[in-house]
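Per-entry structural report
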Amino acid sequence: MKTSRRVIRSFHDITHSDADVKRPIVTLFSGGLDSTYLLHRLVQAGATEVHALSVDVGGDEKPDQIRGIADQLGVRLHLVDERDAFLQEFVRPAIAAHGVYLDTHPVSSSLSRPLIARAAVRVARELDAGMILHTANRSQNTLRRLNGALDQLGFEGHFGTPYDLHPVDREMKIKELRAIGLEEMAERTASGDSNLWCREFESGILDDPEHHEVPEAFYRWSARRGVPEAEYLEVAFRAGVPVAVDGREAPLADIVSSLNRTAGAHGLGRHTGLEHLPDGMKVLEVREMPAAWLLLASRRHLETATLDAESLREKLNVEQIWVREALEGRWFGGLRAACQAFITELTAPVTGSVRWRLDGSRTSTVSIVADATKYVRDREDWEQTSIRRELSCLAGATNDEKRNGLW
């Protein structure tokens, strides 16, 4: 991990380093317990220009609630809408790269972190801020992803999280915030992160991988809504990009939103997985990603229908390098960009549609149609045609070729 003096790793670093708390400070603010407590501590430390930055990537955060907390703490709130950039610059490449962590779950917060870091650097430079702070703990992979992105983006000031070396237990945060009238913080029983692509839960009651039954109330897109009847749904792609559902073309944002509801109603897209920390230990993360599940599965079907086997095998290898670079906070690095370029080269043929029968655990494809196909539709006809072609070539071979074993 980076150990430069510019990296903030504790509350002591904020007040006792060469960082100037009288200069503007930008903090990443979700309205959750950790980020609210950080704002409280900064105000206590005498910071006079605290700017809470909330980046909208389509998550569950309620602007009114976020605004209320910022007002109560006396800090300036910046609401930045990055939903379109998130989908076009981060989710769309992840779909092409089949961004799945070790065959367990699609990557999600790894996609939002570099975008959030980029927005923070932009706002910090506009304000001439000397510090960008976030609230990741050392048991959260967000720490290295945000720090890595801030470093790669070349932010000139101090950056990091005070919770790295100075964790504050949940009860202490709640107690101090209650004392200043922020009662609602006591309701948080787990950490949540959400965007247009994913809703994710970790920590709190989900700390222990050996016992982690998720309360049904945590789920939204895949929440139980009775027993839905089986239904058919078709997703179309053009050059590897999702462009239509059931024959109706729509922007990617609408497609993702629609599929989260439709596929989620059938209980699809729930993922539980362990992700590694920098020292090799693992932490549990739970997600619901119905649209991601359906789109990634559909695109893979079209890839197998249109790409030759060797290209697809190499793509599988490159995909995991792409995922590793995103996970490790190196989104803006050259290796991920090189992987993306290779992947992009293979997107042109991936045009067609996949039709599904959605029926809970019995969900399956019923039609895969590609423009430039490599699949056989009639095996007997293919075999006969293949034999005739081979015999025709054999008949036309020269005697020398036959003697030399070329035919």
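For the structure, check the block above.
The rules behind each value
- Residues numbered from 1 in each chain as written.
- Predicted model: local features only at pLDDT ≥ 70, side-chain atom pairs only at ≥ 80, totals over all residues.
- Heavy atoms only, no water.
- Pairing = 2+ DSSP bridges.
- Helix = DSSP H or I, 4+ residues; strand = E, 2+ residues; numbered from the N terminus.
- Contact = heavy atoms within 4.5 Å.
- Axes fitted to C-alpha atoms, helices over the stretch in contact; angles between N-to-C directions.
- Parallel < 35°, antiparallel > 145°, perpendicular 65-115°, else oblique.
- Left-handed = near helix turned anticlockwise from the far one by under 90°.
- Nonpolar A, V, L, I, M, F, W, Y, C, P; charged D, E, K, R; others polar.
- Salt bridge = Lys/Arg side-chain N within 4 Å of Asp/Glu carboxyl O.
- Buried < 20%, exposed > 50% of the residue type's maximum accessible area, 1.4 Å probe, protein only.
- Polar contact = N/O pair within 3.5 Å; in protein donor to acceptor, adjacent residues only side chain to side chain.
- Phe/Tyr/Trp six-rings, centres within 6.5 Å; stacked < 30°, edge-to-face > 60°.
- Lys NZ or Arg CZ within 6 Å of the ring centre and 35° of its normal.
- Core = buried A, V, L, I, M, F, W, Y, C linked by side-chain atoms within 4.5 Å.

Let's talk about the sheet that holds strand β11 (residues 231-238)
Strand order in the open sheet formed by five strands is β13-β12-β11-β16-β17, and the pairing between neighbours is antiparallel. Of all strands in the sheet, those bounded by a partner on one side alone are β13 (248-249) and β17 (364-370). By the bridge criterion, four bridges tie β11 to strand β12 (residues 241-245) in an arrangement that is antiparallel. Bridge pairing in β12 links arginine 238 to valine 241. The strands touched by helix α8 (residues 252-264) are β11, β12 and β16 (352-358); relative to β12, the strand with the most contacts, the crossing angle is about 65°.

What to know about the packing of helix α2 (residues 33-44) against helix α7 (residues 170-179)
The N-to-C vectors of α2 and α7 enclose an angle of 60°; their axes lie 10 Å apart at closest approach. Comparing the axis directions of α2 and α7 gives the class oblique. Our pair here, α2 against α7, has a crossing hand that is left-handed. Side by side, α2 and α7 meet where Leu33, Asp34, Thr36, Tyr37, His40 and Gln44 of the first sit next to Arg170, Lys173, Ile174, Glu176 and Leu177 of the second. Classifying every residue of the contact of α2 with α7 by side-chain character gives four nonpolar, three polar and four charged.

Here we look at the pattern of salt bridges
On inspection of all chains with the given rule, the structure shows 34 salt bridges. One salt bridge connects glutamate 216 with arginine 270, and the closest N-O pair in it is separated by 2.7 Å. Linking glutamate 216 in the loop between β10 (199-202) and β11 with arginine 270 in strand β14 (residues 270-276), this pair joins segments that are 54 residues apart in sequence. Glutamate 310 is paired through a salt bridge with arginine 313; the nearest N and O atoms lie 2.4 Å apart. A residue pair is termed a helical-turn pair when its members lie 3 or 4 positions apart in one helix, as glutamate 310 and arginine 313 do in helix α10 (residues 309-327) at three residues. If you follow the salt bridges from partner to partner, you end up with Arg145, Glu200, Glu275, Glu285 and Arg287 in one network.

A short note on the side chain of threonine 36
Along the chain, the position of threonine 36 falls in helix α2. For threonine 36, a relative accessible area of 0% corresponds to the buried category. In terms of polar contacts, threonine 36 uses its side chain to reach the backbone carbonyl oxygen of glycine 32, at 2.7 Å.

With respect to the packing of aromatic side chains
Throughout the structure, instances matching the rule amount to seven aromatic pairs. Ring geometry for tryptophan 293 and tryptophan 356: centres 5.5 Å apart, planes at 50°, overall tilted. In this pair, tryptophan 293 is assigned in helix α9 (residues 290-306) and tryptophan 356 in strand β16, connecting sequence segments 63 residues apart. Classification of tryptophan 293 as partly exposed rests on a relative accessible area of 27%. Taking the relative accessible area as the measure of exposure, tryptophan 356 reaches 4% and is therefore buried. Put simply, the rings of Phe11, Tyr37 and Tyr163 touch in pairs and so form one group of aromatic residues. We note arginine 41 situated over the ring of phenylalanine 11; from NZ or CZ to the ring centre the distance is 4.0 Å. For the cation-ring pair, lysine 173 lies above tyrosine 163, with the distance from its terminal atom to the ring centre recorded as 4.7 Å.

Quick look at the sheet that holds β10
As summarised here, the arrangement of the four strands in space is β9-β10-β15-β14, forming an open sheet in which the pairing is antiparallel. In this open sheet, the two edge strands, each paired with only one partner strand, are β9 (191-194) and β14. Across this sheet, the average inter-strand angle for adjacent strands is 25°, counted without regard to direction. Direction of pairing for β14 relative to strand β15 (residues 282-288): antiparallel, over a ladder of seven bridges. Looking at β15, one finds that histidine 276 is bridged to lysine 282.

Focus: the nonpolar core
Leu111, Ile132, Trp197, Leu259, Leu295 and Trp322 are the most contacted members of the largest nonpolar core, which has 68 residues in total. It is helix α5 (residues 109-127) that contributes the most residues to this core, nine residues altogether. Not counting chain neighbours up to four residues away, the residues in contact with leucine 259 comprise Leu233, Val235, Val245, Gly264, Pro290, Ala291, Leu294 and Leu295. Grouped together as the second largest cluster of nonpolar side chains are 28 residues, Ala19, Ile25, Tyr163 and Leu182 included.

Here we look at the environment of asparagine 147
Of note, asparagine 147 is situated in helix α6 (residues 142-152). With residues up to four places along the chain from it excluded, the contact list for asparagine 147 reads Val7, His134, Phe159 and Gly160.

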